[in-house]
Amino acid sequence: MSTGSSKTHKMSSVVNCDCGMRAPICISNRPWSRGRRFYGCSQLEENRCNFFQWYDKEEDNGVVEDLKDDLEMLQIKIRKFEIENKELKELVKSLKAKSVKRRNKAVFYKLAFFYFLDCICIG
C-alpha cells in the first residue's frame, strides 16, 4: 500500500498518487467500509499504481454508519407505504365494484317501477 504525496493549497488539499496524477475521491463499496471516501489512482486498470489513502478519518465513519441506519429506516418506511398503497388500491377497486352493483340495482328498480306504472296505467 502506498501513501502518495499531497500538496496543500490555501483553499483545498490536492492529493497526488505515486504516478504523479491527481488522485480522485472515490467511495468504497466493500462491506467493511461501505460509503467511506478514499483517494485512489486515476489511471486505467493496467497502469494503476495501487495508491490508496482514506479521505476521512476513521472516526468520521460513524457518520456513514448513522446515514446507513437512516437509509435502512427509510427503506423500511417505503416498504410499509408500498404495502399500504397496495391495500388502498385493492379497497378502491372493491368500492368501485360495489358502486357499480348498486348503480345497476338502482337502474333495475327504476325500470321495474316504470314497468309497474305502465301496468297500472294500462290495466
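Our structure's up above, just so we're on the same page.
Computed from a predicted structure; not experimentally measured. (Residues numbered from 1 in each chain as written. Predicted model: local features only at pLDDT ≥ 70, side-chain atom pairs only at ≥ 80, totals over all residues. Heavy atoms only, no water.)

> Give a detailed account of the packing of aromatic side chains, specifying residues and quantitative values.
Scanning all chains against the criterion turns up five aromatic pairs. Among the aromatic residues, ring-to-ring pairing joins Phe38, Phe52 and Trp54 into one connected group. Above the face of the tryptophan 54 ring, arginine 36 is positioned so that its terminal group lies 3.8 Å from the ring centre. (Phe/Tyr/Trp six-rings, centres within 6.5 Å; stacked < 30°, edge-to-face > 60°. Lys NZ or Arg CZ within 6 Å of the ring centre and 35° of its normal.)

> Break down the sheet that holds strand S4 (residues 37–40) for me, citing the residues and quoting the values.
Within the open sheet, the three strands sit side by side as S3-S4-S5. Their pairing is antiparallel. Taken across any chain shown, the strands that pair with only one partner, and hence form the sheet edges, are strand S3 (25–27) and strand S5 (52–54). Strand-to-strand twist across the sheet, computed as the mean angle between neighbouring axes with direction ignored, equals 40°. In terms of strand pairing, S4 meets S5 through three bridges, oriented antiparallel. Residue phenylalanine 38 lies in a different strand from S5, and its bridge partner there is tryptophan 54. (Pairing = 2+ DSSP bridges. Helix = DSSP H or I, 4+ residues; strand = E, 2+ residues; numbered from the N terminus. Axes fitted to C-alpha atoms, helices over the stretch in contact; angles between N-to-C directions.)

> Tell me about the nonpolar core, and please be specific about residues and values.
Counting residues in each nonpolar core, the largest one holds six residues, listed as Val15, Cys17, Ala23, Tyr39, Cys41 and Phe51. Sequence-distant contacts of cysteine 41, that is, excluding residues within four places in its chain, are made with Cys17, Cys19, Pro24, Arg48, Cys49 and Phe51. (Core = buried A, V, L, I, M, F, W, Y, C linked by side-chain atoms within 4.5 Å. Buried < 20%, exposed > 50% of the residue type's maximum accessible area, 1.4 Å probe, protein only. Contact = heavy atoms within 4.5 Å.)

> Could you give me a rundown of the layout of surface pockets, with the residues and numbers involved?
Space inside the largest pocket adds up to approximately 370 Å³. Lining the largest pocket we find 17 residues, and of these Arg30, Phe38, Gly40, Phe51 and Phe52 sit closest to its centre. Those elements that provide at least two residues to the lining of the largest pocket are S3, S4 and S5. Of the residues assigned to the lining of the largest pocket, the class counts are nine nonpolar, five polar and three charged. (1 Å grid on protein atoms, 1.4 Å probe; cavity = no way out; pocket = protein on both sides within 12 Å on 5 of 7 lines; lining within 4 Å. Points joined across faces, edges and corners; volume = space filled by probe spheres on them. Nonpolar A, V, L, I, M, F, W, Y, C, P; charged D, E, K, R; others polar.)

> Describe the pattern of salt bridges, listing the residues and the values that go with them.
Going through the model one piece at a time under the given rule, you end up with one salt bridge. One salt bridge in this structure joins arginine 79 and glutamate 82, with 3.5 Å as the shortest N-O distance. Of the two residues, arginine 79 and glutamate 82 are both situated in helix H1 (residues 61–122); the distance of three residues between them amounts to about one turn of the helix. Overall, the relative accessible area of 43% leaves glutamate 82 in the partly exposed class. (Salt bridge = Lys/Arg side-chain N within 4 Å of Asp/Glu carboxyl O.)

> Tell me about a negative patch on the surface, and please be specific about residues and values.
The grouping of Asp66, Asp69, Asp70 and Glu72 at the surface amounts to a negative patch. In this structure, aspartate 69 sits in helix H1. (Patch = residues over 30% accessible without salt bridge, like charges linked within 9 Å, V, L, I, M, F, W, Y side chains within 5 Å. Areas by Shrake-Rupley, 256 points an atom, 1.4 Å probe, with all protein chains shown as cover. Lys, Arg positive; Asp, Glu negative; His and termini not counted. Charge placed at Lys NZ, Arg CZ, Asp CG, Glu CD.)

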